[in-house]
2 protein chains.
Amino acid sequence: MSATTEPDETTTEPGDTGYAATDRTTPTRARERASYDRDVVHAILDEGYVCHLGFLRDGGPVVLPTLYARSGTRLYVHGSTGSRPLRMAGAEDPGMPVCLTVTHLDGLVLARSAFHHSLNYRSVVVHGTARPVRDEAERAAALDAVVDHVVPGRAADSRRANAKELAATAVLCLDLDEVSAKIRTGGPSDEPEDISLPYWSGVIPVARSYGAPVPADDLAPDTPVPGYLASLG
Amino acid sequence: MSATTEPDETTTEPGDTGYAATDRTTPTRARERASYDRDVVHAILDEGYVCHLGFLRDGGPVVLPTLYARSGTRLYVHGSTGSRPLRMAGAEDPGMPVCLTVTHLDGLVLARSAFHHSLNYRSVVVHGTARPVRDEAERAAALDAVVDHVVPGRAADSRRANAKELAATAVLCLDLDEVSAKIRTGGPSDEPEDISLPYWSGVIPVARSYGAPVPADDLAPDTPVPGYLASLG
């Protein structure tokens with residue numbers, strides 16, 4: 001991978017296993033749920049398919065769901081050159097201020113009291129400037145990364161983008177720099193005086209599940225299901 | 001429910017089954033995937049647990065995951081009075097510009113070409129002004145709505161919030177007015193010249209699944225699992 005594609009992580013000092021907290025990545029509440037650990041942040045990002053990308057349009061906030069991929073300490077978001085955020089980021093120099101958030105729901109937390117109902121979740125929030133990737137090789141690598149983010153191993157088992165398709169694909173790059181994770185796990189936190197109330201309390205686990213692959217209508221009937229799909233689920 | 005809690009939907013004209021499209025809710029691309037149908041929008045909202053709430057902080061975009069509930073054509077978001085967006089919305093008059101987005105992932109779409117890889121999804125994007133709910137009765141009703149949004153029927157089977165808890169709960173209200181859904185379904189859209197390529201193509205269905213309820217550590221062992229939990233999954 002070219003030097004422009006992936007930041008050099010070898011400059012990381014021994015013992016430096018986390019992102020630095022900033023004012024924007026320090027929660028006002030439940031700080032004990034925040035994490036800046038690099039592995040924690042990366043694992044949450046790698047498990048997601050959809051991020052929610054926030055940016056400004058005419059001075060107001062816009063939040064759109066979109067595909068993304070992580071490559072080292074860099075995120076890529078891609079889309080049509082005609083899509084709004086990608087056009088906007090390309091028109092701005094040095095880029096577009098964004099906030100990119102990925103959230104996994106892990107459980108419904110039912111407390112005895114309505115007040116203490118909650119969700120178990122893992123989320124990552126990234127603040128930064130999304131810059132358009134203009135280098136052809138990095139754009140092609142980013143497209144591979146997005147496809148491999150959806151299904152690891154798939155980029156090599158598909159027809160690579162041609163010049164026309166690459167020209168129609170806009171890619172934004174966002175450095176993982178100002179980033180934090182927030183995690184809630186465990187059971188409900190009821191008030192001591194509520195423990196004896198007659199209400200059931202606990203957690204309903206929530207997870208993502210995959211169904212059996214559904215072949216395309218025009219797929220030749222004898223086409224085998226690739227082995228890398230077996231790793232899902 | 002009080003008149004302030006739920007907008008009167010009976011004023012809807014016969015045949016008016018949708019939200020009006022605006023410049024902000026008209027996508028620049030794939031307009032055939034957009035829907036303004038009231039039932040479609042509401043169903044997507046009702047199926048979600050987490051929304052991504054976008055707002056401005058110091059002029060920059062922030063996107064945070066949060067619980068929400070729908071009541072008629074109104075959304076409620078609640079949180080601690082100490083949380084940042086809820087404090088900010090309360091400090092602004094007449095409210096805070098927000099964009100609230102809910103997304104469900106339904107499938108991974110694997111095309112023969114890297115370029116046509118996609119996701120099947122259903123999303124709703126709401127633009128508007130989030131206003132703090134100051135009326136005590138509406139705040140209590142909103143908290144019930146959020147609990148019942150997590151598990152229908154649960155609000156009545158838990159200890160209602162007391163005055164101290166209600167005072168510590170900030171609730172924002174967002175009218176469903178400028179809102180649109182976007183939906184992708186079906187298989188991959190490969191180029192005709194790619195159909196004969198030897199790559200598998202199709203869709204991997206993705207869904208949310210629920211695990212068996214996990215009782216709280218301090219729950220009395222003979223506490224029955226309530227019947228409304230059986231409706232999940």
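See above for the structure.
In this text the structure is predicted, and so the values were computed from the model without any measurement. Going along each chain's sequence as written, the residues are numbered from 1 onward. Key to labels: chains lettered from A, ligands numbered from 1, both in the order written. The model is predicted, so local features are restricted to residues of pLDDT at least 70 and side-chain atom pairs to those at 80 or more, both for listing and for counting; the totals for chains, interfaces and linings are taken over all residues. As a convention, hydrogens and water are excluded, and side-chain values are obtained from all of the structure's heavy atoms.

Caption draft 1: Structural detail: the overall build of chain A. The helix and strand inventory of chain A stands at 4 helices and 10 strands. Put simply, DSSP marks the helices as runs of H or I at least four residues long and the strands as runs of E at least two long, and each gets a number from the N terminus on. Listed N to C, the secondary structure of chain A is β-α-β-β-β-α-β-β-α-α-β-β-β-β in terms of helices and strands. C-alpha extents for chain A along the principal axes are approximately 65 × 50 × 45 Å. Each residue is placed in one exposure class: buried if its accessible area under a 1.4 Å probe, protein chains only, is under 20% of its type's maximum, exposed if it is over 50%, and partly exposed if it falls in between. Here chain A, with 233 residues, has 53% of them falling under the buried criterion. Here, two residues are considered to be in contact whenever any of their heavy atoms come within 4.5 Å of each other. Of the contacts made within chain A by residues no fewer than 6 positions apart, 72% connect residues no fewer than 24 positions apart. Accessible surface for chain A amounts to roughly 10,000 Å². Of this, 53% is attributable to carbon and sulfur atoms. When charges are counted, Lys and Arg are positive and Asp and Glu negative, with His and the chain ends excluded. For the purpose of locating charges, the reference atoms are NZ of Lys, CZ of Arg, CG of Asp and CD of Glu. Charge centroids of chain A, computed over 22 positive and 32 negative side chains, lie 5 Å from each other. Method for areas: the Shrake-Rupley scheme with a 1.4 Å probe, in which residue coverage is limited to the protein chains shown.

Caption draft 2: Here's a closer look at helix α3 (residues 136-150) of chain A. All names here are of chain A. Expected helix span is taken as 1.5 Å per residue step, with the number of steps being one fewer than the number of residues. Here α3 contains 15 residues, and its C-alpha end-to-end distance of 22 Å stays within 8% of the 21 Å for a straight helix at 1.5 Å per residue. Listing the buried residues of α3 in full gives Glu-138, Arg-139, Ala-141, Ala-142, Leu-143, Ala-145, Val-146, Val-147, His-149 and Val-150. Measuring from the side-chain oxygen of the N-cap residue of α3 to the backbone nitrogen of Ala-137 gives 3.2 Å; that N-cap residue is Asp-135. Two N or O atoms count as a polar contact when they lie within 3.5 Å, although within protein this holds only if one can serve as hydrogen donor and the other as acceptor, and sequence-adjacent residues are included solely when both atoms are side-chain atoms.

Caption draft 3: Representation of empty space enclosed by the protein. The method works on a 1 Å grid over the protein atoms by themselves. A cavity is a set of points holding a 1.4 Å probe that cannot get out, a pocket is an open set with protein on both sides within 12 Å along at least five of seven lines, and residues with an atom within 4 Å of a point line them. Grid points are joined across faces, edges and corners, and a volume is the space filled by probe spheres set on the points. All told, the structure shown has 1 cavity of 30 Å³ or more when counted by the stated rule. Within this model, the largest cavity holds a volume of roughly 40 Å³. Looking at the largest cavity, the residues that line it are Leu-67, His-78, Leu-143, Val-146, Val-147 and Val-150 of chain A together with Ala-114, Phe-115 and His-117 of chain B. In terms of residues, the lining of the largest cavity owes the most to one element, α3 of chain A, which gives 4 residues. Split into classes, the residues belonging to the lining of the largest cavity amount to 7 nonpolar, 2 polar and no charged. Note that Gly is not counted as nonpolar here; it falls among the polar residues with everything else outside the nonpolar set of Ala, Val, Leu, Ile, Met, Phe, Trp, Tyr, Cys and Pro and the charged set of Asp, Glu, Lys and Arg.

Caption draft 4: Molecular detail of the relation of the copies chain B and chain A. When the copies are superposed, the least-squares fit draws on C-alpha atoms of residues that have pLDDT of at least 70 in both. Once chain B is rotated about the relating axis by 180 degrees and shifted along it by 0.0 Å, it coincides with chain A to within an RMSD of 0.0 Å. Within this description, the copies of the chain are treated as partners about a two-fold rotation axis. Among all C-alpha atoms of chain B, that of Arg-208 of chain B lies closest to the rotation axis, at 2.4 Å. The overlap is high: 100% of the interface residues of chain B also sit at the interface in chain A, so the same surface is used on both sides.

Caption draft 5: Focus on the pattern of salt bridges. A pair is scored as a salt bridge if a Lys or Arg side-chain nitrogen falls within 4 Å of a carboxyl oxygen belonging to Asp or Glu. If you walk through the whole model with that rule in mind, you get 30 salt bridges over all chains. If you follow the salt bridges from partner to partner, you end up with Arg-74, Arg-131, Glu-138 and Asp-175 of chain A in one network.

Caption draft 6: Main features of the interface of chain B and chain A. Contacts between the two partners involve 85 residues from chain B and, on the opposite side, 86 residues from chain A. Joining two parts hides part of their accessible area as seen by a 1.4 Å probe, and the buried area is that hidden amount summed over both. Summed over both partners, the interface of chain B with chain A buries about 7,200 Å², with 66% contributed by carbon and sulfur atoms. At the junction of chain B with chain A, the criterion picks out 6 salt bridges. Taken together, the connections running from chain B to chain A amount to 29 residue pairs in polar contact (both at pLDDT 80 or more). Looking at which element gives the most residues to the side of chain B that touches chain A, the answer is strand β9 (residues 202-210) of chain B, with 9 residues. Counted by class, the side of chain B that touches chain A contains 49 nonpolar, 21 polar and 15 charged residues. Note that strand β10 (residues 214-215) of chain A and β9 of chain B share 2 bridges and pair antiparallel. Strand pairing follows a simple DSSP-based rule, namely that at least 2 bridges must link the two strands.

Caption draft 7: Spatial organisation of the packing of aromatic side chains. Stacked, edge-to-face and tilted are the three classes for Phe, Tyr and Trp ring pairs, Trp counted by its six-membered ring, which pair at centre distances within 6.5 Å; planes under 30 degrees apart are stacked, over 60 edge-to-face, the rest tilted. For the structure shown, the criterion picks out 2 aromatic pairs over all chains. Here Tyr-49 of chain B and Tyr-210 of chain B contribute two aromatic rings whose centre-to-centre distance is 6.5 Å and whose plane-to-plane angle is 85 degrees, an arrangement assigned as edge-to-face. A residue pair is termed long-range when its members are at least 10 positions apart, and Tyr-49 of chain B in the loop between α1 (38-47) and β2 (50-57) and Tyr-210 of chain B in strand β9 qualify at 161 residues. A relative accessible area of 6% places Tyr-49 of chain B in the buried class. By relative accessible area, which is 23% here, Tyr-210 of chain B ends up partly exposed. Just above the ring of Tyr-19 of chain A sits the side chain of Arg-38 of chain A; from NZ or CZ to the centre is 4.7 Å. Two limits define a charge over a ring: the Lys NZ or Arg CZ must be within 6 Å of the ring centre, and within 35 degrees of the ring normal.

Caption draft 8: Looking closely at the pairing of strand β9 (residues 202-210) of chain A. Across 4 bridges, the pairing between strand β5 (residues 96-110) of chain A and β9 of chain A is antiparallel. Following the sheet pairing, Val-109 of chain A is matched in β9 of chain A by Val-203 of chain A.

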